[in-house]
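What follows is each chain in one-letter form.
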Amino acid sequence: MTDRNQTLFERAKTLIPGGVNSPVRAFKAVGGTPRFVQRAQGAYFWDANDQRYIDYIGSWGPMILGHGHPAVLEAVQKAALDGFSFGAPTEREIELAEEIVKLVPSIEMVRLVSSGTEAGMSAIRLARGATGRKKIIKFEGCYHGHADALLVKAGSGLATFGNPTSAGVPPEVVQDTLVLEYNNVEQLEAAFAEHGAATACLMIEPIAGNMNFVRASVPFMTRCRELCTQHGALLVFDEVMTGCRVGLASAQGHYASLIPGFEPDMTVLGKVIGGGMPLAAFGGKRAVMEQLAPLGAVYQAGTLSGNPVATACGLATLRELQQPGFYEALSARTQSLVAGLTEAAHAAGIPFCGDSQGGMFGFFFFDQLPQNYATVMTTDGARFNKFYHGMLERGIYFAPALYEAGFVSSAHSAADIEATVAAAREVFAQL
Ligand code: HOZ
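Description of the structure in this document. (Residues numbered from 1 in each chain as written. Predicted model: local features only at pLDDT ≥ 70, side-chain atom pairs only at ≥ 80, totals over all residues. Heavy atoms only, no water.)

## A few points about the site of the ligand
- Near the ligand, the surroundings consist of S22, V24, R25, W60, Y143, S156, N210, M241 and E404.
- Contact between the ligand and R25: an oxygen atom at 2.8 Å from a side-chain N or O atom of the residue.
- Here a nitrogen atom of the ligand and a side-chain polar atom of N210 are 2.7 Å apart.
- Notes on the ligand: free accessible area 290 Å², of which the protein chains cover 86%. (Near = heavy atom within 4 Å. Polar contact = N/O pair within 3.5 Å; in protein donor to acceptor, adjacent residues only side chain to side chain. Areas by Shrake-Rupley, 256 points an atom, 1.4 Å probe, with all protein chains shown as cover.)

Structural data, given as structure tokens:
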């Protein structure tokens, strides 16, 4: 039988660099042929050979309700009939802003943009403009989109391809980006002692999903907050992945439940808030957000910002997430996946551990969960690749890279989880 995925990949490679429009999709890390998606429904997608997969990527996070959720589909169809893009304000933008401000209490004002990269880049500019300072602190293995200043020791595709700092970024562009080890309180304190007065912001993935899945420890997060406050730097949470994915109030809601009174100063959102459409946002305290043009001197703009079809998709998605018990059910399903995989690996004598929060998870061929990027980097890539392909052959679609988190949707059934664990049992037995 002709492999249509392969045929399409060859055709794509003649026109699109690497055959893909985003590097990690190319399967370069795991080898083999990327699956070209034909259609998707619920927890599944079908590739170009009409082979069905249980999808644990969900468009790298946004599809928290699964593919083609009826309420979302209806909202998108209705919005599309009224027009695709106006480049003028709409009531729906206000409704989405109201929804975001309600769900994420640290956000008093929000601006809508089209991608997580755009949101992260704009948040940094705003933090620098609002504080009048230059330096930014980020952490090894955290990925905040592909804006120049943030492409230093970054996770996701940069880690996958062993190129954590991109070519094409002049040293002077990143000279004010301080890169520290995740979860390292001593380094954090030393950096603030030396550069605190010049630091505009500290940007962090509170649960890092671009070096697989690594949580910021509570003492570390507590110190991040204290030091930012003490030195007048803004604490910026990059919740592109975790926003409304790990819980309705996002990762900051989780940390607020562990650290009394905790909140970041600014938040970057994407993925789930757009429900699968190109939509992202950044928001924070009124006094900071009012520094943005047209009110303030920090410029930021976009023709497709607040797009009417994207906002309809995001709104319908956010409304579904507020159904009672949504996150309890999603968390339980995700936990059962991680527990099932762990038990199956251990039964085969394979070191394995995993973690999850809400509908986001990660797993490692380690006995203990890693705390930073350097430890994540010691993962046995060859073993992961064998596991990956074994699962793929059995119709289970995990991220084709070691450094990416996975995602479960409300459309994944108990039977889907059981089928995944059963497939893993067979694969582990062969590793
Ligand atoms: N940077 C994204 C994962 N962390 C990949 C997005 C994509 O390829 O769609």
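## Things to note about the packing of helix 3 (residues 91-103) against helix 11 (residues 308-321)
- As a packed pair, helix 3 and helix 11 sit with axes 9 Å apart at the nearest point and diverge in direction by 35°. Note on packing geometry: the crossing formed by helix 3 with helix 11 is left-handed. Contacts from R92, E93, E95, L96, E99, I100 and L103 of helix 3 reach helix 11 at P308, T311, A312, G314, L315, L318 and R319.
- Of the residues that constitute the contact of helix 3 with helix 11, the class distribution is seven nonpolar, two polar and five charged. (Axes fitted to C-alpha atoms, helices over the stretch in contact; angles between N-to-C directions. Helix = DSSP H or I, 4+ residues; strand = E, 2+ residues; numbered from the N terminus. Left-handed = near helix turned anticlockwise from the far one by under 90°. Contact = heavy atoms within 4.5 Å. Nonpolar A, V, L, I, M, F, W, Y, C, P; charged D, E, K, R; others polar.)

## Quick look at empty space enclosed by the protein
- Following the criterion strictly, the structure yields two cavities of 30 Å³ or more and no others.
- Split into classes, the residues belonging to the lining of the largest cavity amount to eight nonpolar, three polar and one charged.
- Considering only enclosed or pocket space, the second largest cavity measures out at about 50 Å³ in volume.
- Lining the second largest cavity are G42, A43, D55, G58, M63, G66, H67, R245, F407, V408, S409 and H412.
- Residues that form the lining of the second largest cavity fall into these classes: four nonpolar, six polar and two charged. (1 Å grid on protein atoms, 1.4 Å probe; cavity = no way out; pocket = protein on both sides within 12 Å on 5 of 7 lines; lining within 4 Å. Points joined across faces, edges and corners; volume = space filled by probe spheres on them.)

## Some details on the pattern of salt bridges
- Counted by the stated rule, this structure contains 14 salt bridges.
- A salt bridge links R223 to E189, with the shortest nitrogen-to-oxygen separation between them at 2.7 Å. Here R223, found in helix 8 (residues 218-231), pairs with E189, found in helix 7 (residues 185-195); they are 34 residues apart in sequence, far enough to count as distant.
- Among the charged side chains, a network of salt bridges with common partners joins E95, E99, K102 and R319. (Salt bridge = Lys/Arg side-chain N within 4 Å of Asp/Glu carboxyl O.)

## Structural notes on the layout of surface pockets
- Within this model, the second largest pocket holds a volume of roughly 680 Å³.
- Tallied by class, residues from the lining of the second largest pocket come to 18 nonpolar, nine polar and three charged.

## Focus on the sheet that holds strand 1 (residues 37-41)
- Here four strands make up an open sheet; going across it, the order is 1-2-3-15 and the pairing mixed. Taken across any chain shown, the strands that pair with only one partner, and hence form the sheet edges, are strand 1 and strand 15 (396-397). (Pairing = 2+ DSSP bridges.)

## Thoughts on the packing of aromatic side chains
- Throughout the structure, instances matching the rule amount to 27 aromatic pairs.
- Judged by centre distance (5.4 Å) and plane angle (75°), the rings of F139 and F220 are edge-to-face. With a gap of 81 residues between them, F139 in strand 5 (residues 135-139) and F220 in helix 8 connect regions that are remote in the sequence. The residues F139 and F220 share a single accessibility class, namely buried.
- Ring geometry for Y255 and F262: centres 6.3 Å apart, planes at 50°, overall tilted. Across the pair, exposure class does not vary: Y255 and F262 are buried alike.
- Grouped by ring-pair contacts, the aromatic residues Y56, F352, F361, F363, F365, F387, F398 and F428 constitute a single cluster.
- Here the guanidinium or amino end of R39 rests over the ring plane of W46, the centre of that ring lying 4.4 Å away. (Phe/Tyr/Trp six-rings, centres within 6.5 Å; stacked < 30°, edge-to-face > 60°. Buried < 20%, exposed > 50% of the residue type's maximum accessible area, 1.4 Å probe, protein only. Lys NZ or Arg CZ within 6 Å of the ring centre and 35° of its normal.)

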